[in-house]
Amino acid sequence: MPSLQDSKLAFIGGGNMASAIIGGLVNKGVNKQNITVSEPWDVNREKLAAVGVKTTTDNTEAGANADIVIIAVKPQVTKGVCEELGASWSKRTTLPVVVSIAAGITLSSLEEWSRTPDGRSAHVVRVMPNTPALVGEGASGAYASADVTSEEKELVNALLSSVSKATEWVNKEELLDVVTGLSGSGPAYFFAMVEHLISSATALGLPQEQATRLATQTCLGAGKMLVESSDEPGQLRKNVTSPNGTTYAALQSFEAQGFKEIVDKAVQAATSRSAELGKN
Ligand SMILES: NC(=O)C1=CN([C@@H]2O[C@H](COP(=O)(O)OP(=O)(O)OC[C@H]3O[C@@H](n4cnc5c(N)ncnc54)[C@H](OP(=O)(O)O)[C@@H]3O)[C@@H](O)[C@H]2O)C=CC1
Ligand SMILES: O=C(O)[C@@H]1CCC=N1
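Nothing here was measured: the structure is a model prediction, and the numbers come from that model. (Residues numbered from 1 in each chain as written. Chains lettered and ligands numbered in written order. Predicted model: local features only at pLDDT ≥ 70, side-chain atom pairs only at ≥ 80, totals over all residues. Heavy atoms only, no water.)

### Observations concerning the site of ligand 2
- What surrounds ligand 2 is the set Ala103, Gly184 and Ser185.
- Placement of ligand 2 is best described as lying within the second largest pocket. (Near = heavy atom within 4 Å. 1 Å grid on protein atoms, 1.4 Å probe; cavity = no way out; pocket = protein on both sides within 12 Å on 5 of 7 lines; lining within 4 Å. Sits in = over half its atoms within 2 Å of the grid points.)

### Structural notes on the layout of surface pockets
- Its volume calculated, the second largest pocket comes out at about 720 Å³.
- Lining the second largest pocket are 32 residues, and of these Met17, Ala72, Val73, Lys74 and Pro75 sit closest to its centre.
- Those elements that place two or more of their residues in the lining of the second largest pocket are helix 1 (16–27), helix 4 (75–88), helix 7 (175–184), helix 8 (186–203) and helix 12 (259–277).
- No other element matches the four residues that helix 12 contributes to the lining of the second largest pocket.
- Looking at the lining of the second largest pocket residue by residue, the class counts come to 18 nonpolar, 11 polar and three charged. (Points joined across faces, edges and corners; volume = space filled by probe spheres on them. Helix = DSSP H or I, 4+ residues; strand = E, 2+ residues; numbered from the N terminus. Nonpolar A, V, L, I, M, F, W, Y, C, P; charged D, E, K, R; others polar.)

### Re the sheet that holds strand 7 (residues 138–144)
- If you walk across this open sheet you meet the eight strands as 3-2-1-4-5-6-7-8, and the pairing is mixed. For this open sheet the edge positions go to strand 3 (54–56) and strand 8 (164–169), each flanked by a neighbour on one side alone. Each adjacent strand pair in this sheet contributes to an overall mean axis angle of 25°, direction not counted.
- In terms of strand pairing, strand 1 (residues 9–12) meets strand 2 (residues 35–38) through four bridges, oriented parallel. Of the residues in strand 2, the one forming a bridge with Ile12 is Ser38.
- Strand contacts of helix 1: strand 1 and strand 2, with the helix running at about 155° to strand 1, the strand carrying the most contacts. (Pairing = 2+ DSSP bridges. Axes fitted to C-alpha atoms, helices over the stretch in contact; angles between N-to-C directions. Contact = heavy atoms within 4.5 Å.)

### Considering the site of ligand 1
- Lining the immediate surroundings of ligand 1 are 23 residues, of which Asn16, Met17, Glu39, Val73 and Lys74 lie closest.
- For ligand 1, an oxygen atom lies 2.8 Å from a polar atom in the backbone of Met17.
- In this structure, Val73 approaches ligand 1 through a main-chain N or O atom, which is 2.6 Å from an oxygen atom.
- For ligand 1, whose accessible area on its own is 880 Å², the fraction buried by protein is 74%.
- With respect to the pocket detection grid, ligand 1 is positioned in the second largest pocket.
- When contributions to the shell around ligand 1 are tallied by element, the ones reaching two or more residues are helix 1 and helix 4.
- The greatest single-element share of the shell around ligand 1, amounting to three residues, is contributed by helix 4.
- For the shell around ligand 1, the per-class residue count stands at 14 nonpolar, seven polar and two charged. (Polar contact = N/O pair within 3.5 Å; in protein donor to acceptor, adjacent residues only side chain to side chain. Areas by Shrake-Rupley, 256 points an atom, 1.4 Å probe, with all protein chains shown as cover.)

### A look at the nonpolar core
- The biggest cluster of nonpolar side chains holds 32 residues, and the ones touching the most others in it are Leu9, Phe11, Ile22, Leu25 and Ile35.
- At the level of elements, strand 1, helix 1, strand 2, strand 4 (68–71), strand 5 (97–100), strand 6 (124–128), strand 7 and helix 6 (150–161) are the ones that each hand at least two residues to this core.
- Among the elements that line this core, the one with the most residues is helix 1, at seven residues.
- Core analysis: the second largest hydrophobic core is formed by 27 residues, Val73, Val98, Leu107 and Tyr143 among them. (Core = buried A, V, L, I, M, F, W, Y, C linked by side-chain atoms within 4.5 Å. Buried < 20%, exposed > 50% of the residue type's maximum accessible area, 1.4 Å probe, protein only.)

### Focus: the pairing of strand 6
- Taking burial as the measure, the five residues of strand 6 include five buried ones, the bulk of the element.
- Going residue by residue along strand 6, you find Val124, Arg126 and Met128 tucked away on one face and Val125 and Val127 tucked away on the opposite face as well.
- Summarising the sheet, strand 5 and strand 6 pair through three bridges and their orientation is parallel. Within the sheet, the bridge partner assigned to Val98 lies in strand 6 and is Val124.
- Tracing the backbone out of strand 5, into helix 5 (residues 107–113) and back to the parallel element strand 6 gives a crossover that is right-handed. (Right-handed = clockwise from strand over helix to strand, strands pointing away.)

### Observations regarding the packing of helix 7 against helix 12
- The contact between helix 7 and helix 12 brings their axes to 8 Å, and the two run at 135°. In terms of orientation, helix 7 lies oblique with respect to helix 12. The interaxial crossing formed by helix 7 with helix 12 has right-handed handedness. Contact residues: helix 7 offers Asp177, Val178, Thr180 and Gly181, while helix 12 offers Val267, Ala270, Thr271, Ser274 and Ala275.
- Considering only residue class, the contact of helix 7 with helix 12 consists of four nonpolar, four polar and one charged. (Parallel < 35°, antiparallel > 145°, perpendicular 65-115°, else oblique. Left-handed = near helix turned anticlockwise from the far one by under 90°.)

### Here we look at the UniProt feature "binding site: NADP(+)" (unreviewed entry) in the chain
- Taking the UniProt record as the reference, the feature "binding site: NADP(+)" (unreviewed entry) is found at Ile12, Gly13, Gly14, Gly15, Asn16, Met17, Ala72, Val73, Lys74 and Pro75. Separation in sequence by 64 residues is not matched in space for these annotated residues, since their most distant C-alpha atoms are only 14.0 Å apart. Of the annotated residues named above, the ones that line the second largest pocket are Ile12, Gly13, Gly14, Gly15, Asn16, Met17, Ala72, Val73, Lys74 and Pro75.
- Positionally, Met17 belongs in helix 1.
- Leave out the neighbours within four places in its chain, and Met17 touches Ile101, Pro129, Asn130, Thr131 and Ala133.
- Here Val73 shows up in the loop between strand 4 and helix 4. (UniProt positions renumbered as here; feature names shortened; annotations may be inferred.)

Structure follows, in structure tokens:
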């Protein structure tokens with residue numbers, strides 16, 4: 001098994017998440033010449049070509065000699081893409097490791113769909129990355145089928161770890177749906193929060209540019225403290241909250257509107273949707 005630096009990587013689908021991972025890999029110095037992306041949309045292909053990776057519109061060409069094939073299309077398109085790839089691998093003696101980032105799509109479906117005409121099935125790892133991979137700050141969950149070797153797992157781990165600060169292997173496949181509801185979708189929750197903070201402060205008279213700089217830096221600063229401090233999130237919250245002060249007033253307002261329940265329901269909704277995507 002080649003090292004990550006020597007592996008040929010094929011991305012099937014070159015949209016938002018694939019671009020984030022590719023950008024993160026390139027920033028980390030992974031050899032661009034070893035990365036091929038198959039993407040039907042010319043605008044996306046041009047963006048990826050500008051990063052320096054090879055592009056094509058032909059999935060089977062991208063997957064022909066790859067050591068790792070990353071399925072990065074929408075869940076609804078995954079079946080067709082896997083079938084196309086599996087059919088094209090009949091002459092390959094060694095099948096690539098297939099890594100799927102498609103939300104909800106189960107290992108058993110992926111293995112079945114990507115089976116070769118002579119009945120062989122690729123070793124498949126299901127992962128759930130997130131877009132901060134682009135800046136080397138990703139968080140990824142992963143689950144491997146039983147036949148994935150420790151060497152193959154190590155390779156996928158190296159791939160994920162090169163763009164993620166947290167790479168968590170879960171011990172039950174269903175937990176990847178929870179990972180999706182937490183960290184896969186999670187960046188959007190924080191982006192939405194910052195959007196609301198900016199509009200709240202702007203409505204109260206702060207110029208938008210200033211509100212944006214203050215809100216985004218507050219998000220970054222809080223995130224950095226969460227990662228670097230030995231204190232639990234609850235303690236960090238308490239450290240900001242003076243008795244009967246301003247933070248207390250804001251947190252009381254959040255709680256009065258059922259903040260915890262709002263978050264619980266949102267994570268449950270995303271987790272259920274992930275599970276549902278696997279059933280289609
Ligand atoms: N965005 C995120 O934050 C995350 C996404 N994911 C998962 O990643 C996957 C991709 O999501 P995302 O990047 O957001 O979606 P995008 O729509 O941005 O990317 C998917 C890309 O695949 C292309 N495509 C469509 N059909 C084919 C095909 N048959 N062969 C090759 N490429 C094709 C699409 O082109 P076109 O637009 O022309 O159809 C599109 O550019 C999803 O399964 C999602 O669940 C996982 C973690 C996080
Ligand atoms: O919204 C989605 O379905 C994908 C999966 C996780 C993040 N984006």
